[in-house]
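# A structural walkthrough
For reference, the chains in residue letters:
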Amino acid sequence: MANGWLTDTLILLPLGGAIFIALAPLSRLAAGLLALAVSLVEIAFWGGALTSYRFDQNIPFVQLEDRTTWFGELGISYHVGFTGPALWLTGMAAVTMTAAIAYAVWVRREHARAYFASMLLLTTAVVGVFVAQDYLLFYVFWEAMLIPLYVLVGVWGGPGRLRATLMFFIYTMAGSLLMLTSIIVLGISRGTFDIVEGGVSNSDWIFLGFVAAFVVKAPIFPFHAWLPVAYREAPAEVAGVLSGVVSKAAAYGFLYIAILHFPHPTHDFRTPILVLAAIGLIYGSVLAFRAPDLRGVVAYSSLAQLGLITFGLFATNLAGFNGAVLQMVNHGLISVGLFMLVGLVELRTGTGKLDRLGGMARGRPALATVLMTLGIIALAVPGSSAFAGEFMILTGVFTSGWGWSVVGAIAIVLAAMYMLRLISAVLHRSKGSAVDDDARDLRLPELAFILPLVACLIVLSAWPAAVTDHNLDVVNAFPALERFVP
Amino acid sequence: MTEITTSWICLFSPLVAVIVIALGGNRFSRRAAGVIATGSVALSFAAAVVAFATMLTRAPGNRSHLSTAWTWLSAGNLHFGLSVLVDPLSVFMMLVVSGVGGLIVLYSIGYMHGDDEERRYFAYMAMFVFSMLLLVQGGNLILLLSGWGLVGLSSYLLIGFWHERPAAIAAAKKAFVMNAIGDATFALALFLLIAKTGTLDYGLAFSKAHGLSQTVLILIALGLLGGAVAKSAQLPLHTWLPDAMEGPTPVSALIHAATMVTAGVYLIARTAPIFQLASVVQDTAAALGAVTLVMAGLIALVQTDIKRVIAYSTMSQIGYMFLGVGLGAYASGMFHLLTHAFFKALLFLAAGVVIHALAGEQDIRKMGGLRGLMPKTYAVFLVGALSLAGIPPFSGFFSKDPIIAATLERGGAFGYVMFVLAIGGTFLTGLYTFRLVFRVFHGDRDRFVDETFDTHHGEGPLVMLLPVGVLAIGATLAGWLQVPGGWHGVSSWLQPVAAPILETTNTQEAIASIVSVVLGLAGAGIAWWIYIARRRPAPAAVPAFERKFWFDELYDALFHRPAVTTAKVLYALVEGPLVGGSMAGIAEAVRGLGTGTGRLQTGLVRTYALALAASLAVLAVVFLAVR
């Protein structure tokens with residue numbers, strides 16, 4: 001249990017920060033800067049976790065563990081630790097949450113203490129979901145994500161925020177209650193809630209309870225009705241976190257809980273899930289192509305991307321898993337970056353409607369370069385890290401049937417169509433009616449929180465194997481998988 | 001330095017220039033950005049020359065090396081290295097790309113002088129060269145695909161360089177999407193290859209390919225061919241190329257001569273072992289090339305934009321290269337690629353000088369009689385035109401004829417049909433090329449010319465004329481690298497990588513040469529008869545040629561409009577009801593709970609409590625049931 005304190009720190013540091021900010025009488029700026037400092041320290045601790053993690057096939061799957069009995073007689077414990085994918089996703093979450101917090105400091109969110117406390121609380125919850133090794137603990141963190149999110153959307157959102165919050169809340173609540181049912185049944189029937197100790201299960205019903213929570217939160221078609229509303233009404237950076245980070249909690253749940261711990265139900269249900277993912281991939285891409293506003297394009301592209309990631313996961317082989325994890329990291333960075341850019345464009349023009357934008361490249365080289373770079377990576381231009389992820393995913397799913405890869409290939413073309421449409425609508429042609437000449441280029445502080453995300457993506461493009469090669473050898477850790485891993 | 005070190009330098013030098021220009025921003029003058037870009041490509045060329053010279057000292061069997069920097073992507077047993085392959089084929093392409101590319105970038109310093117965004121332009125140009133070098137140097141198919149995609153990206157950026165022109169942006173998007181279709185089929189071929197062989201390394205994949213079934217091989221080859229026709233603007237994915245003329249003229253030269261469109265030819269030569277195992281697909285490549293070369297020649301006859309005439313001539317000439325590599329005459333295809341790079345870059349850059357002098361005008365109906373005003377440009381344009389038309393002793397003659405001879409060697413119904421199409425193409429080439437020469441440089445000077453010709457500027461600065469001159473020398477002399485019945489510089493160099501599957505005889509070469517020269521001269525003669533001697537009025541344009549055989553309309557009806565309609569239908573029938581319905585349902589449910597206060601928090605907390613209670617009830621039921 002070496003270095004378990006690192007994992008604890010990653011959970012508790014933002015929580016402590018959140019409590020302090022909520023209670024201490026800080027000014028707006030002080031609250032923001034403190035939150036920013038806490039999240040930067042979080043990144044540093046993640047760096048520590050990364051260096052202490054040993055990517056080696058012959059040592060335990062879960063590392064940096066810590067375990068304390070919680071309700072001993074019920075078999076519940078505080079058990080945390082990192083799997084390889086969780087480590088990368090935590091890093092992605094730490095980096096993107098920091099960027100989102102910096103964005104919020106820059107645009108001066110009202111009620112700063114409540115806002116920044118919520119953001120830090122969300123960080124804790126997300127990291128908790130990634131590291132939890134106890135089902136009940138997993139559930140606690142899972143639900144804990146919901147509270148700050150509904151405050152963040154409900155208080156700081158756009159004019160339709162109430163409906164958006166309500167919808168998001170009811171939808172995800174319905175899913176998580178089914179998951180809670182599964183967890184309680186699973187835990188009580190086994191006498192332990194521990195994920196590692198419990199081993200695999202063969203119950204279809206319990207599997208489906210988990211899947212219900214994940215398909216809603218991800219979301220997977222047709223459980224996405226909350227998505228366009230929530231992504232349009234949330235503050236830009238919160239929409240980014242929702243689509244970039246929170247959705248990954250669901251995707252990770254698919255991988256670590258649904259697939260790895262329910263191999264037989266996964267085998268039985270993977271075709272219907274792949275079908276839904278395929279529909280979502282095409283459906284999301286087509287709607288993104290015709291969406292009338294910036295957020296619509298990014299929101300539906302996110303639906304498509306989650307479909308693609310689900311493809312990789314339910315390919316149930318190494319290429320699919322590793323590609324999906326890489327793509328989760330990519331999509332987190334891309335989505336948060338794009339939503340922040342959307343927010344900055346909206347701040348300058350007062351609108352996200354594509355037909356009122358245009359011509360912003362002229363005289364705004366920084367905005368043009370950053371949006372172009374992110375957009376190009378988002379459409380997975382060959383050579384980019386997103387391409388590497390998609391390539392691996394489609395390689396993986398090909399072994400399940402060539403038809404899946406054909407769907408993926410069609411989606412690649414559609415992605416080019418909707419992303420280029422977005423880029424051109426903002427940057428190119430003549431000036432849109434909402435674009436004033438004095439709408440400024442990206443300023444230095446704005447670049448300071450967007451460029452690190454772009455830099456991460458460029459480094460990953462040069463070396464995507466950093467993630468795929470330092471990830472997990474699930475076949476060793478989960479022998480039950482071998483039965484159907486092609 | 002070994003050829004491996006120099007290859008890495010060759011590859012990354014332009015990328016370094018991109019980064020330096022991008023990070024430098026306003027700290028560099030515009031001129032400096034041009035110099036950095038040119039210098040980096042020149043360094044690439046120097047590195048390629050050193051690599052070539054080093055390899056010459058080695059025995060032909062010992063000229064292929066793979067160097068891996070690190071594992072780029074991996075999962076389980078799959079490992080794709082970031083590696084370069086240094087062999088005769090890649091060095092051949094490195095020389096063409098960096099050599100001709102470097103001249104074009106140099107020329108751009110003069111051509112783009114005064115544009116607001118020169119730095120962005122030169123960063124993109126260097127990016128383009130880097131992408132193409134990655135494509136030809138990459139040591140496995142995934143790197144080839146990466147370069148492939150980055151070339152598409154660079155072309156998008158450069159075609160749409162003047163981003164305030166709607167036509168330029170539309171053309172750029174069209175090029176990218178057309179290429180993305182090719183990328184997608186290419187990627188599918190690779191998925192299949194991985195599934196069947198477990199590797200994307202050239203050597204290993206080719207040796208394992210022998211054990212694959214014919215169906216699998218055909219599918220892989222078809223996927224690769226899909227990528228090749230999209231990138232090389234062959235039927236049926238060719239429609240982006242003429243529109244790509246919206247970019248600055250040096251960009252057109254770069255796309256058409258040194259980079260991009262030649263990639264498909266390279267791909268077929270590089271993956272020749274797979275195509276040879278799927279001979280149906282290889283024949284398809286040849287047939288597509290032959291049909292494209294005739295169709296593009298017909299369309300070129302009626303174009304009125306100087307750059308579009310040259311653009312269609314590119315499509316046509318690439319058709320010859322496809323025909324060559326499709327027949328298995330790889331060295332002939334690559335040789336034509338080399339000479340074409342010289343004379344096509346020459347024609348575009350010379351056309352650029354004309355456009356530059358006429359304040360951006362590209363319509364040949366407003367030109368005429370420029371010979372007197374621009375003697376140097378006229379001379380070099382004539383060299384390019386003679387070379388394009390395949391008139392000896394210019395280079396096109398030497399490289400085109402072996403391809404035509406190969407159709408004879410192939411023989412049979414297929415071979416003779418290809419032969420007829422190919423020699424038909426030579427006639428069309430002579431006709432449209434000299435129509436262009438006569439309309440632009442001969443005849444009476446249009447009043448427009450007198451009004452706009454920039455006498456002060458003249459034929460442009462030295463930085464533009466120098467590269468044009470070098471290219472003219474290349475277009476004149478490059479043909480002598482390989483003379484039928486004499487020596488075979490290109491064939492023997494490429495022999496270890498792409499051994500031809502057919503050998504032409506001297507008789508066939510002679511027949512091909514005589515027929516094609518006669519027909520080329522006949523085409524030129526008819527052009528003279530119509531446009532100079534004016535014995536006949538110029539014939540009315542055929543609608544099918546003017547409408548480019550309705551491909552744009554077809555694709556619009558097949559793809560774009562269905563995509564738009566599908567999206568509308570999905571919004572109306574699925575997304576609207578789904579979102580609206582759940583919204584209404586939830587509103588109903590909340591009202592039903594009797595919250596009535598309208599205050600969010602109260603409502604939610606109550607809902608939450610209710611949901612928790614309900615969940616416990618569900619839980620109890622499930623628990624009992626599972627028990």
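Here, the structure is the one placed above.
Procedures and definitions
Residues numbered from 1 in each chain as written. Chains lettered and ligands numbered in written order. Predicted model: local features only at pLDDT ≥ 70, side-chain atom pairs only at ≥ 80, totals over all residues. Heavy atoms only, no water. 1 Å grid on protein atoms, 1.4 Å probe; cavity = no way out; pocket = protein on both sides within 12 Å on 5 of 7 lines; lining within 4 Å. Points joined across faces, edges and corners; volume = space filled by probe spheres on them. Helix = DSSP H or I, 4+ residues; strand = E, 2+ residues; numbered from the N terminus. Buried < 20%, exposed > 50% of the residue type's maximum accessible area, 1.4 Å probe, protein only. Pairing = 2+ DSSP bridges. Core = buried A, V, L, I, M, F, W, Y, C linked by side-chain atoms within 4.5 Å. Contact = heavy atoms within 4.5 Å. Expected span 1.5 Å × (residues − 1). Bend = angle between axes of the 7 residues up to and from the residue. Salt bridge = Lys/Arg side-chain N within 4 Å of Asp/Glu carboxyl O. Nonpolar A, V, L, I, M, F, W, Y, C, P; charged D, E, K, R; others polar. Axes fitted to C-alpha atoms, helices over the stretch in contact; angles between N-to-C directions. Parallel < 35°, antiparallel > 145°, perpendicular 65-115°, else oblique. Left-handed = near helix turned anticlockwise from the far one by under 90°.

One pass over the structure, following the stated rule, counts six cavities of 30 Å³ or more. Taken as a whole, the largest cavity encloses approximately 150 Å³ of empty space. Lining the largest cavity we find 17 residues, and of these A380, P382, F387 and I412 of chain A together with D183 of chain B sit closest to its centre. When contributions to the lining of the largest cavity are tallied by element, the ones reaching two or more residues are α15 (385–398) and α16 (402–427) of chain A together with α6 (166–197) of chain B. Tallying contributions element by element places α6 of chain B first for the lining of the largest cavity, with six residues.

Moving on to the environment of F269 of chain A. All names here are of chain A. You can see F269 is positioned in helix α11 (residues 263–290). Here F269 falls in the partly exposed class, since its relative accessible area comes to 22%. Considering only alpha carbons, one finds F269 and D436, 167 residues apart in sequence, at a separation of 53 Å.

Our next topic: the pairing of strand β2 (residues 76–82) of chain A. All names here are of chain A. Counting buried residues in β2 gives six out of seven residues, a clear majority hidden from the surface. In this structure, strand β1 (residues 63–71) lies alongside β2, joined through six bridges in antiparallel fashion. Among the inter-strand pairings, T68 is bridged to a residue of β2, identified as Y78. In textbook terms, the turn of a hairpin is the stretch between consecutive antiparallel strands, and for β1 and β2 this stretch comprises four residues, one of which, G75, has a positive phi near 75°.

Moving on, we come to the nonpolar core. Soluble globular proteins: nonpolar side chains tend toward being buried together. With 440 residues, the main nonpolar core has F214 and L313 of chain A as its most contacted residues. Here this core gets 20 residues from one element, more than from any other, and that element is helix α15 (residues 330–357) of chain B. Beyond its immediate sequence surroundings of up to four residues, L313 of chain A is in contact with A251, F254, L255, I259, G320, F321, A324 and M328 of chain A.

All right, on to the side chain of T292 of chain B then. All names here are of chain B. Along the chain, the position of T292 falls in helix α13 (residues 279–300). Taking the relative accessible area as the measure of exposure, T292 reaches 0% and is therefore buried. Look past the residues within four positions of T292 in its chain and what remains in contact with it is A233, Q234, L235 and M315.

Residue and element names in this part refer to chain B. Given a rise of 1.5 Å per residue, 22 residues ought to cover 32 Å, and the 31 Å separating the end C-alpha atoms of helix α1 (residues 3–24) matches this to within 8%. Taking the largest bend as the criterion, α1 deviates by roughly 35°, centred on F12, and proline P14 comes between one and four positions later. Lining the buried residues of α1 we find α2 (30–56), β1 (65–75), β2 (78–86), α3 (88–111) and α4 (118–137). Positive phi appears at G25, one or two residues downstream of α1, with a value of about 55°.

Tallied over the entire structure, the rule returns 13 salt bridges over all chains. The salt bridge partner of R270 of chain B is D87 of chain B, with a shortest N-O separation of 2.8 Å. Residue R270 of chain B is found in helix α11 (residues 263–270), and its partner D87 of chain B is found in the loop between β2 and α3; the two are separated by 183 residues along the sequence. This pair shows no difference in class: R270 of chain B is buried, exactly as D87 of chain B is. One salt bridge connects R410 of chain B with D283 of chain B, and the closest N-O pair in it is separated by 2.9 Å. Within this pair, whereas R410 of chain B is found in helix α18 (residues 395–410), its partner D283 of chain B is found in helix α13, the two being separated by 127 residues in sequence. Look at R410 of chain B and you get partly exposed, because its relative accessible area is 31%. Among the charged side chains, a salt-bridge network with shared partners connects R67, D194 and E197 of chain A.

A separate point is the interface of chain B and chain A. Each side of the interface is counted separately: chain B has 64 residues, and chain A has 72 residues. Scanning the region where chain B abuts chain A turns up one salt bridge. A salt bridge links E164 of chain B to R362 of chain A, with the nearest nitrogen and oxygen atoms 2.6 Å apart. Mapped by element, the contributors of at least two residues to the side of chain B that touches chain A are β1, β2, α5 (141–159), α6, α25 (551–592) and α26 (600–626) of chain B. Grouping the amino acids of the side of chain B that touches chain A by side-chain chemistry returns 47 nonpolar, 11 polar and six charged.

Here we take up the packing of helix α3 (residues 84–106) of chain A against helix α17 (residues 444–462) of chain A. All names here are of chain A. Between α3 and α17, the shortest axis-to-axis distance is 9 Å and the interhelical angle comes to 165°. In terms of orientation, α3 and α17 fall into the roughly antiparallel class. Both α3 and α17 take part in a crossing whose hand is left-handed. Each of V95, T96, A99, A102, Y103 and W106 in α3 lies in contact with α17, whose residues at this interface are P445, E446, F449, L453 and C456. Here the residues of the contact of α3 with α17 sort into nine nonpolar, one polar and one charged.

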